[in-house]
Amino acid sequence: SQKIEQNSEALNIQEGKTATLTCNYTNYSPAYLQWYRQDPGRGPVFLLLIRENEKEKRKERLKVTFDTTLKQSLFHITASQPADSATYLCALLTGKLIFGQGTTLQVKP
Amino acid sequence: DVKVTQSSRYLVKRTGEKVFLECVQDMDHENMFWYRQDPGLGLRLIYFSYDVKMKEKGDIPEGYSVSREKKERFSLILESASTNQTSMYLCASSIEGNQPQHFGDGTRLSIL
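Residues numbered from 1 in each chain as written. Chains lettered and ligands numbered in written order. Predicted model: local features only at pLDDT ≥ 70, side-chain atom pairs only at ≥ 80, totals over all residues. Heavy atoms only, no water.

Structural notes on the environment of Asp51 of chain B
All names here are of chain B.
Then comes step 1: Within the secondary structure, Asp51 sits in the loop between strand E5 (42-49) and strand E6 (56-57).
Then comes step 2: A residue is classified by how much of its surface remains accessible, and Asp51, at 35% relative accessible area, is partly exposed.
Then comes step 3: The contacts of Asp51, once residues within four sequence positions are left out, are Glu30 and Arg68. (Helix = DSSP H or I, 4+ residues; strand = E, 2+ residues; numbered from the N terminus. Buried < 20%, exposed > 50% of the residue type's maximum accessible area, 1.4 Å probe, protein only. Contact = heavy atoms within 4.5 Å.)

Dropping the structure here:
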């Protein structure tokens, strides 16, 4: 069956460290993979898009990798700040956008 | 910046009522989407539309219908609300199908 898996357990890290979130998928062949941020009581906000022929994408302190062989994307936030605390969703584009359940990141001062 | 506006942040309705959720976007986007978000289930697509008067079923269309009479407005209709439709409803729009989606802040709907 088709699945997108993000770690359901919250990720707690110290301010200044690098946060790494994982998105694994099975039985999909996505053309694109997107990452969104969602704050409590708000809608998701788009962060980054990476195509199947791209290995890595960066935007300021954010970096996304996409390994179509491993069927995995990693989302990194370097020099993390308490303001980065939120739930992060990955989404695969395979005709339509399929979302993972998200991983909650808590950055402690 | 794209703005997607949902008409209500919170809504309480009774079982059996017909419920309308409204969504308006201001960027002339072709595509519009309705999702519901539930703990442990994530975002699930209910319906989407890629043009005026066009609609396509998503993964969980049962019990819902949609209307898109104008490009900027996409309405979700619960024909006869039931308690299992209590959820957070999110509307989104995008320029094209493979482009990022822009979300509204959601309507938290409670059906009593």
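Now that the structure has been shown, the text picks up again.
Things to note about the state of the cysteines
Then comes step 1: For the structure shown, the criterion picks out two disulfides over all chains.
Then comes step 2: Residue pairing for Cys23 of chain A: its cysteine sulfur links by disulfide to Cys90 of chain A, the two sulfurs lying 2.0 Å apart. Taking the sign of the torsion about the S-S bond as the criterion, the disulfide between Cys23 of chain A and Cys90 of chain A, at about 60°, is right-handed. Of this pair, Cys23 of chain A sits in strand E3 (residues 19-26) while Cys90 of chain A sits in strand E9 (residues 86-94), placing them 67 residues apart in sequence. Across the pair, exposure class does not vary: Cys23 of chain A and Cys90 of chain A are buried alike.
Then comes step 3: With a sulfur-sulfur separation of 1.9 Å, Cys23 of chain B is cross-linked through a disulfide to Cys91 of chain B. Judged by the torsion about the S-S bond (-75°), the Cys23 of chain B/Cys91 of chain B disulfide is left-handed. Residue Cys23 of chain B is found in strand E3 (residues 19-25), and its partner Cys91 of chain B is found in strand E9 (residues 87-94); the two are separated by 68 residues along the sequence. (Disulfide = S-S within 2.5 Å.)

Description of the sheet that holds strand E7 (residues 64-70) of chain B
Residues and elements named next belong to chain B.
Then comes step 1: Strand order in the open sheet formed by four strands is E1-E3-E8-E7, and the pairing between neighbours is antiparallel. Of all the strands in the sheet, the pair left with one neighbour each is strand E1 (4-6) and E7. Strand-to-strand twist across the sheet, computed as the mean angle between neighbouring axes with direction ignored, equals 20°.
Then comes step 2: With three bridges connecting them, E1 and E3 associate as antiparallel partners. Following the sheet pairing, Gln6 is matched in E3 by Cys23. (Pairing = 2+ DSSP bridges. Axes fitted to C-alpha atoms, helices over the stretch in contact; angles between N-to-C directions.)

Details of unusual backbone geometry
Then comes step 1: Despite not being glycine, Ala79 of chain A shows a phi value in the positive range, around 45°.
Then comes step 2: Relative to the helices and strands, Ala79 of chain A resides in the loop between strand E8 (72-77) and E9.
Then comes step 3: On the basis of relative accessibility, which here comes to 42%, the residue Ala79 of chain A falls in the partly exposed class.
Then comes step 4: Here Lys53 of chain B, not a glycine, exhibits a phi torsion of approximately 65°, which is positive.
Then comes step 5: Of note, Lys53 of chain B is situated in the loop between E5 and E6.

Quick word on the pattern of salt bridges
Residues and elements named next belong to chain B.
Then comes step 1: With the rule as written, the count across this model stands at 13 salt bridges over all chains.
Then comes step 2: A salt bridge links Arg36 to Asp38; the nearest nitrogen and oxygen atoms lie 2.8 Å apart.
Then comes step 3: Looking at Arg36, the relative accessible area reads 8%, which means it is buried.
Then comes step 4: Each member of the salt-bridge network shares a partner with another, and the members are Asp28, Glu30 and Lys71. (Salt bridge = Lys/Arg side-chain N within 4 Å of Asp/Glu carboxyl O.)

Some details on the side chain of Ser65 of chain B
Residue and element names in this part refer to chain B.
Then comes step 1: By the secondary structure assignment, Ser65 is in strand E7.
Then comes step 2: In this structure the side chain of Ser65 is engaged in a polar contact, spanning 2.6 Å, whose partner is the side chain of Glu79.
Then comes step 3: Residues contacting Ser65, with those up to four places away along its chain left out, are Tyr47, Ser75, Leu76, Ile77 and Glu79. (Polar contact = N/O pair within 3.5 Å; in protein donor to acceptor, adjacent residues only side chain to side chain.)

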